[in-house]
Every structure is written in C-alpha cells, then in structure tokens.
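Now for the letters of each chain:
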Amino acid sequence: MAANDTIADMLTRIRNATLARHQTAEIPSTKMTRSIASVLKEEGFIADFSEAQEGVMRRLVLTLKYKGKTREPIIKKLTRVSKPGLRVYSNRKELPRVLGGIGIAIISTSSGIMTDRDARRQGIGGEVLCYIW
C-alpha cells in the first residue's frame, strides 16, 4: 500500500485500533509519524511508542491508553485538517483552539511538530495537521 498521506493513514490506524479496543497500533515509521507520536505521548493521549524493524520496513508501535473498567479510549476523536489536496495554514494569531482547549491541534511549524498551545507560546504559526480530543 503506497499511501501518500502518511498522517491520515496514521490517524486512521489509531482510530481503528481504539474502536477495536486494541492495546497497540502499528504505523509505518517516518520522521513525521515519529514526531506526531511523541506529541501524543507528551499530551497523554498514548501510553508509549517504540520502533520495531522487520527487514527494511520500520514500524512504530503505539501503546494506546484506556480508562476505567469499561476501557473507554482516551482518544475520543482524530480529525485530519490539512490534506495533501488542501493544505491548511494558520498564523500565530489564528491558531485554532480545539474544544475550548480540551483537545489539541497538532501543528507543523518551522520549529518542528508541536501542539497549538506550544506554537502559541512560541508565537509561531504553521500547517494545521490534525485535531485530537
């Protein structure tokens, strides 16, 4: 499968894994998916992630988080914002607030991948990759 939108692919894999209540989700490892995974971990949406290698293919294994006896997924919703066909950029004044600050927007900036909160703190804008809550 040659997906040119690695981010949408990553989000879909996480979404499917949480719906099926899987413990882990496997994602092809790229610099971009690693950066997003580390933001998700910092923000407490996933427990951990590690890198596995099978031959040439490198994979990220994300350990998903659930809460309570009902194993309610921590990640309620993942939405891709900027797509290869329609890029969405936002300057520092117009950075989106997701659910009034409950969720996060992952932004690709000149200083790397970060949350909308960090980008606002550093006073930089960038490409809005996705929303998560």
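One can find the structure itself at the top, above this paragraph.
Since we're looking at a predicted model, the values are computed, not measured.

Moving on to the overall build of the protein chain. The secondary structure content of the protein chain amounts to three helices and ten strands. The order of α-helices and β-strands along the protein chain, N terminus first, is α-β-α-β-β-β-β-β-β-β-β-α-β. Expected size for 133 residues packed as a compact globule is a radius of gyration near 14 Å; at 15 Å, the protein chain falls within 12% of this value. Across its three principal axes, the protein chain shows a C-alpha extent of roughly 40 × 40 × 25 Å.

A few words now on the sheet that holds strand β3 (residues 57–64). Reading across the sheet, the three strands line up as β1-β3-β2 and stay open at both edges, with antiparallel pairing between neighbours. Looking at which strands have only one partner, the edges of the open sheet turn out to be β1 (24–28) and β2 (46–54). When strand polarity is set aside, the average angle formed by the axes of neighbouring strands in this sheet is 25°. Two strands pair when backbone bridges link them, and β2 and β3 are joined in this way by eight bridges, in the antiparallel orientation. Residue pairing in the sheet places glutamine 53 in a bridge with arginine 58 of β3.

Because an α-helix completes one turn every 3.6 residues, residues spaced three or four positions apart along the sequence face the same direction. Across its twelve residues, helix α2 (residues 31–42) extends 17 Å between first and last C-alpha, which sits within 8% of the 16 Å expected from 1.5 Å per residue. Residues Thr33, Ile36, Ala37, Val39 and Leu40 constitute the buried set of α2. The arc that holds every buried residue of α2, seen down its axis, measures 160°, which confines them to one face. The exposed set on the far side of α2, more than 90 degrees from its buried face, consists of Lys31 and Glu42. Positive phi shows up at glycine 44, right after α2, with a value of about 80°.

Turning next to the pairing of strand β9 (residues 112–115). Of the strand pairs in this sheet, strand β8 (residues 104–109) and β9 are connected by four bridges, and their pairing is antiparallel. The partner of isoleucine 107 across the bridge, within β9, is methionine 114. The antiparallel pairing of β8 with β9 creates a hairpin that spans two residues between the two strands.

With 14 residues, helix α1 (residues 6–19) ought to run about 20 Å at 1.5 Å a step, and its terminal C-alpha atoms sit 20 Å apart, in line with that. Those residues of α1 not exposed but buried are Ile7, Asp9, Met10, Leu11, Ile14, Ala17 and Thr18. Once α1 ends, the next one or two residues include arginine 21, with phi positive near 55°.

Side chains of nonpolar character tend, in soluble globular proteins, to be buried together. Ile14, Ile36, Leu40, Ile106 and Ile132 are the most contacted members of the largest nonpolar core, which totals 25 residues. Counting residues per element, the ones that place at least two in this core are α1, β1, α2, β3, β8 and β10 (126–132). Setting aside its immediate chain neighbours within four residues, isoleucine 36 contacts Ile7, Met10, Ile106, Ile113 and Leu129. If you look at the next biggest cluster of nonpolar residues, it comprises nine residues, including Leu95, Met114, Ile124 and Val128.

Considering the arrangement of structural elements, one finds serine 82 in the loop between β6 (78–80) and β7 (89–90). Overall, the relative accessible area of 0% leaves serine 82 in the buried class. Setting aside its immediate chain neighbours within four residues, serine 82 contacts Arg87, Val88, Glu127, Val128 and Leu129.

Parameters at a glance
Residues numbered from 1 in each chain as written. Predicted model: local features only at pLDDT ≥ 70, side-chain atom pairs only at ≥ 80, totals over all residues. Heavy atoms only, no water. Helix = DSSP H or I, 4+ residues; strand = E, 2+ residues; numbered from the N terminus. Rg over C-alpha atoms; globule rule 2.2 N^0.38 Å. Pairing = 2+ DSSP bridges. Axes fitted to C-alpha atoms, helices over the stretch in contact; angles between N-to-C directions. Expected span 1.5 Å × (residues − 1). Buried < 20%, exposed > 50% of the residue type's maximum accessible area, 1.4 Å probe, protein only. Arc of directions from axis to C-beta. Core = buried A, V, L, I, M, F, W, Y, C linked by side-chain atoms within 4.5 Å. Contact = heavy atoms within 4.5 Å.

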